[in-house]
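Listed below are the residues making up each chain.
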Amino acid sequence: MKKNIFLYLLAFMSLAANAQDPVKVGEYYYTVEDNHNTAILVANPQGGGYSGEVVINGTIEYGGKTYRVSDIGYRAFCGTDILKVTINGQLDDKGRGLRINPHAFSYCKSLTSVTIGDGVDYIQNFAFYACDNLANVVVGDDVTWIYEQAFQNCHSLTSVILGKKVSSIDASAFLGCEELKDVYCLGSALPTYLKGSRPIFDYDHIRDATLHAPASATFVNGDPWIKFGKLETMASTTLEKCATPTITYENGTVSFACETEGVEFNSKVEYVQKSFNSASAFPAPSTFLVKVVAFKNGYLPSDVVAKEFDLPSYVGVKNEGNYEQGDVNKDGKVNVADQVVLTNVMN
């Protein structure tokens, strides 16, 4: 008994000695494990989370060493104000890739586009659960398994591209994605449905959706693929990327354009606070940061473009039914509340 306790204490001390507080590398925090030269991307320990466009690479450099990013940790980005996610992992010498852990990106209400590149092998339970504005998902060629409820309740999701090695999808993975219109399967065989108490998709909704697959692709089993309302064969499994959009502001209107025809835009407007050396009032512009990404079914999403605009601020006094410039919501004053209206109009 004493020997067992001694061995347990040795193991615990070894783990404790190897554990480290999160370190910041670039934009994100990681816990690093020297014994295996791996790192786990974790939530911001300072609070406030992450924001903007997220780009995660397969390795990081820290303390003169290279670490393979093995995981995006539990709740690392959960509920944060991010717009677009691009993940590129790196396979180790045993063929193991980066894992996206449970709730890593769940409840990200501003997230509109996810591109998972090479070197990622698992998307675990609830990874992107309830990302209400997520519209476009690309799953890379090294992903083999999409776990239960990974994308459940992504109510705006319209397009999903499944890479060539996706072989298994758990129950409820895309349940509650009632806007889903197109699913692209790039592999030689359609993924196996690991049956559970619920299906992968909402059958009532995919009756109006299209399944795209290579002409030579085989059905591992019929369900749920036979539930799609339409099947189209793909001449090529090489996907084109949407062109980078442009942003212009003229005469009170923000406009987007893209050389790729037929794209849709997902945008976000942020109010940029600036400091002025004034103790009372000052004639200052209201600066807004506009971000936009273009996407189209069957295409990879564009890069995110961001541009700042200075919109004039006025006192905003109502005058016989007329409102000052900038008073978008017509409440008699110009303030950040007008940003909300502007954002809704743009989206």
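Look up: the structure comes first, before these words.
Quick notes on the rules
- Residues numbered from 1 in each chain as written.
- Predicted model: local features only at pLDDT ≥ 70, side-chain atom pairs only at ≥ 80, totals over all residues.
- Heavy atoms only, no water.
- Pairing = 2+ DSSP bridges.
- Helix = DSSP H or I, 4+ residues; strand = E, 2+ residues; numbered from the N terminus.
- Axes fitted to C-alpha atoms, helices over the stretch in contact; angles between N-to-C directions.
- Buried < 20%, exposed > 50% of the residue type's maximum accessible area, 1.4 Å probe, protein only.
- Disulfide = S-S within 2.5 Å.
- Phe/Tyr/Trp six-rings, centres within 6.5 Å; stacked < 30°, edge-to-face > 60°.

A. Molecular detail of the sheet that holds strand 7 (residues 81-87). The strand order 4-7-9-11-13-15-18-20 describes an open sheet built from 8 strands, whose pairing is parallel. Strands at the two margins of the open sheet, each flanked by one partner only, are strand 4 (51-56) and strand 20 (230-234). Along the sheet, successive strands turn relative to each other by an average axial angle of 15°, direction set aside. Here strand 7 pairs with strand 9 (residues 113-116) via 4 bridges, running parallel. Counterpart to Thr86 in the pairing with strand 9 is Thr115.

B. Here's a closer look at unusual backbone geometry. Of note, His103 is a non-glycine position whose phi angle comes to about 60°, a positive value. Of note, His103 is situated in the loop between strand 8 (98-100) and strand 9. We note that Ala130 has phi near 60°; this positive angle belongs to a residue other than glycine. Mapped onto the elements, Ala130 comes out in the loop between strand 10 (120-123) and strand 11 (136-138). Judged by relative accessible area, which is 6%, Ala130 ranks as buried.

C. Quick look at the state of the cysteines. Under the defined criterion, the tally for this structure stands at 0 disulfides. Here Cys131 is not cross-linked by a disulfide; its sulfur's nearest cysteine counterpart is in Cys154, at 4.9 Å.

D. The packing of aromatic side chains, seen in detail. All told, the structure shown has 17 aromatic pairs when counted by the stated rule. With centroids separated by 5.2 Å and ring planes inclined at 0°, the aromatic side chains of Phe151 and Phe174 adopt a geometry described as stacked. Remark: Phe174 occurs in the loop between strand 14 (168-170) and strand 15 (182-185) and Phe151 occurs in the loop between strand 12 (145-146) and strand 13 (159-162); sequence separation between them is 23 residues. Its relative accessible area of 0% is what places Phe151 among the buried residues. Overall, the relative accessible area of 1% leaves Phe174 in the buried class. Summarising the aromatic geometry, the rings of Phe201 and Trp225 are spaced 5.9 Å apart at their centres and angled 65° between planes, so their arrangement reads as edge-to-face. One end of the pair, Phe201, is in the loop between strand 17 (192-194) and helix 2 (203-206); the other, Trp225, is in the loop between strand 19 (218-219) and strand 20, and 24 residues separate them in sequence.

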